Amino acid sequence: KQWYQRRVRGNTTNLGLEDSAYNFLMMGVKQYLCGGCFARFGCMTAIHKCPHCRKTFEYDPDDYHRKITCGNIKCDKPFGFWMFKVSEKREQEIRREVKAENESIAKKRAQQKRRAARADRRVGSQSNEERVQEQLFLLKLIDHCPRCGFFLDRHMNSDDAKDHLSSCNDAKAIKAHQANVSAKAAASKQKQKAEETQEEVMAFKTWEINGRQVGQLWMLSENILRRECKKFGLEAEGAKHFLIARLAEVIRSRERKMITMGGEVNHASYDVTPLHKVDAEDLPDNWQNMDPSDLKCVAASYGLDFDHANDTKSDLLKKLDTARLKGSGLLMILDDQSKKAKKRKSRTSDEDPDFKVDGNESD
């Protein structure tokens, strides 16, 4: 991409980006807009070239802090990657930005999945879809014949489209059009897969940078969750909230053992802060507007006990709010009682034992 090429050459002034933007791109936590085509890209969808042989190579965010070789024939020279200084304040800002961005992506991904499932139920078989496309062609809502790809000129009308469909039996043209459609569908699928991989990597790297918070497992994709379940030797099948529940339970149990029995060498630590103690900025933004499936994932991330099959949205919200406010009501009652006790004590200590209410002094 043009931005990446400019960054390697040390010139980001035209795009208005800070030098440290390169760090966040290569770490896999941020995406940027290309200065040439305005397409959004990250480290997994950018084009990476070896500084020695100038050939492309596959990049992984785990390689950012290493020296690697490009893997191409006749090129075995190692190279590393730039790292610019970042202030602590800016790093904290980036953490908040990418957390909000990944939360939005996770919600959007869940919505797209639900819409795709509903569309599959509506469309039914492929023949139904073909009939729909033919009807759209007859109404001149699409310009190309869905069978052979014939282009309907602007001066033609619906009768011309009907005449073409009735005589559309050129096997060679139909086969060529189907091959073209299949190629476009494959390219679109490959592009979508690359974008999903980029989003998955970005979400996972953001989760790592934010301290591997178990309460934020709901922001990871199902593919990442299955991979993590396999890493811990867990079953990797089932709905997303089941995967999160298994993974969160094992991680919390493991962290408790690490605290009581001592840590292991090269052990990756996790943040297992409970829901009532976690910072507000680490919680989902406005979970009242989340769908029940997403709420189940959030509840599973924080280890709440809920009915995976029968709990409604209101049930899940009530349990989340109760867990979030755990202990706060008791503290408020104790604080109120302590204030009353202090007031009574102060009034008693201010009274003069030799003074009576009627104004008469004691003997």
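Computed from a prediction, not measured in an experiment: that's the story for all the values here. (Residues numbered from 1 in each chain as written. Predicted model: local features only at pLDDT ≥ 70, side-chain atom pairs only at ≥ 80, totals over all residues. Heavy atoms only, no water.)

A. Geometry of the overall build of the protein chain. Per the secondary structure count, the protein chain includes 11 helices and two strands. Listed by position from the N terminus, the elements making up the protein chain come as α-α-β-β-α-α-α-α-α-α-α-α-α. For the protein chain, the residues scored as buried account for 31% of the 363 residues in total. When contacts within the protein chain are restricted to residue pairs at least 6 apart in sequence, long-range pairs at least 24 apart make up 50% of them. (Helix = DSSP H or I, 4+ residues; strand = E, 2+ residues; numbered from the N terminus. Buried < 20%, exposed > 50% of the residue type's maximum accessible area, 1.4 Å probe, protein only. Contact = heavy atoms within 4.5 Å.)

B. Region of interest: the packing of aromatic side chains. For the structure on display, the rule yields 10 aromatic pairs. The interplanar angle of 75 degrees and the centroid separation of 5.2 Å between the aromatic rings of Tyr59 and Phe81 together place this pair among those described as edge-to-face. One end of the pair, Tyr59, is in the loop between β2 (40-41) and α3 (88-123); the other, Phe81, is in the loop between β2 and α3, and 22 residues separate them in sequence. Ring geometry for Tyr64 against Phe81: centres 6.4 Å apart, planes inclined by 35 degrees, an arrangement best described as tilted. (Phe/Tyr/Trp six-rings, centres within 6.5 Å; stacked < 30°, edge-to-face > 60°.)

C. Representation of unusual backbone geometry within the structure. If you check the backbone angles, Arg54 has positive phi at about 65 degrees while not being a glycine. Mapped onto the elements of the fold, Arg54 is located in the loop between β2 and α3. Residue Arg212 is not a glycine yet carries a positive backbone phi of 55 degrees. Judged by relative accessible area, which is 17%, Arg212 ranks as buried.

D. Main features of the side chain of Glu200. Along the chain, the position of Glu200 falls in helix α6 (residues 171-209). Setting aside anything within four residues of it in sequence, one finds Glu200 in contact with Ser221, Asn223 and Ile224.

E. Here's a closer look at the environment of Met26. Looking at where Met26 falls in the secondary structure, it is placed in helix α2 (residues 21-27). Along the sequence, Met26 and Cys43 sit 17 residues apart, while their C-alpha atoms lie 5.5 Å from each other.

F. Local environment of the nonpolar core. Formed by 37 residues in total, the largest nonpolar core has its most connected members in Leu217, Trp218, Leu220, Leu275, Trp287 and Leu320. Breaking this core down by element, the ones donating at least two residues are α6, α7 (222-231), α8 (240-261), α9 (292-301) and α10 (313-324). Apart from residues lying up to four places away in sequence, Leu217 is in contact with Trp207, Leu225, Ile244, Leu247, Ala248 and Ser301. Judged by nonpolar contacts, the second largest core, of 22 residues, contains Tyr32, Cys34, Ala46 and Phe79. (Core = buried A, V, L, I, M, F, W, Y, C linked by side-chain atoms within 4.5 Å.)

G. The arrangement of helix α5 (residues 158-166) in detail. Within the span of α5, buried status applies to Ala161, His164 and Leu165. Buried positions in α5, seen along its axis, are confined to an arc of 95 degrees and lie on one side of it. Those residues of α5 that are exposed and angled more than 90 degrees off the buried face are Asp159, Lys162 and Ser166. (Arc of directions from axis to C-beta.)

H. Region of the structure containing the confidence of the model for the protein chain. Residues with a pLDDT of 70 or more make up 81% of the protein chain, whose mean pLDDT is 80. Low pLDDT, under 50, characterises residues 330-334; the predicted model gives this stretch zero contacts beyond four residues in sequence or across chains. (pLDDT = per-residue confidence, 0-100.)

I. Region of the structure containing α6. Spanning 39 residues, α6 covers 57 Å between terminal C-alpha atoms, matching the ideal 57 Å at 1.5 Å per step. Among the residues of α6, Ile174, His177, Gln198, Glu199, Glu200, Val201, Met202, Ala203, Phe204, Lys205, Thr206 and Trp207 are the ones counted as buried. The N-cap of α6, judged by a side-chain oxygen 3.2 Å from the amide nitrogen of Lys172 a few residues on, is Asp170. The positive-phi residue at the C-terminal boundary of α6 is Gly211, with phi of around 95 degrees. (Expected span 1.5 Å × (residues − 1). Polar contact = N/O pair within 3.5 Å; in protein donor to acceptor, adjacent residues only side chain to side chain.)

J. How the structure looks around the pattern of salt bridges. Counted according to the given criterion, the structure contains 16 salt bridges. The closest approach of N and O atoms between Arg90 and Glu97, which form a salt bridge, is 3.5 Å. Exposure remark for Arg90: the relative accessible area of 22% places this residue in the partly exposed category. With relative accessibility at 34%, the residue Glu97 sits in the partly exposed group. (Salt bridge = Lys/Arg side-chain N within 4 Å of Asp/Glu carboxyl O.)

K. Highlighting the state of the cysteines. Evaluation of the coordinates by the stated rule reveals zero disulfides. With no disulfide partner, Cys50 has as its closest neighbouring cysteine sulfur the one in Cys53, 3.7 Å distant. The structure places no disulfide on Cys75, whose sulfur is separated from the nearest cysteine sulfur, that of Cys70, by 3.6 Å. (Disulfide = S-S within 2.5 Å.)

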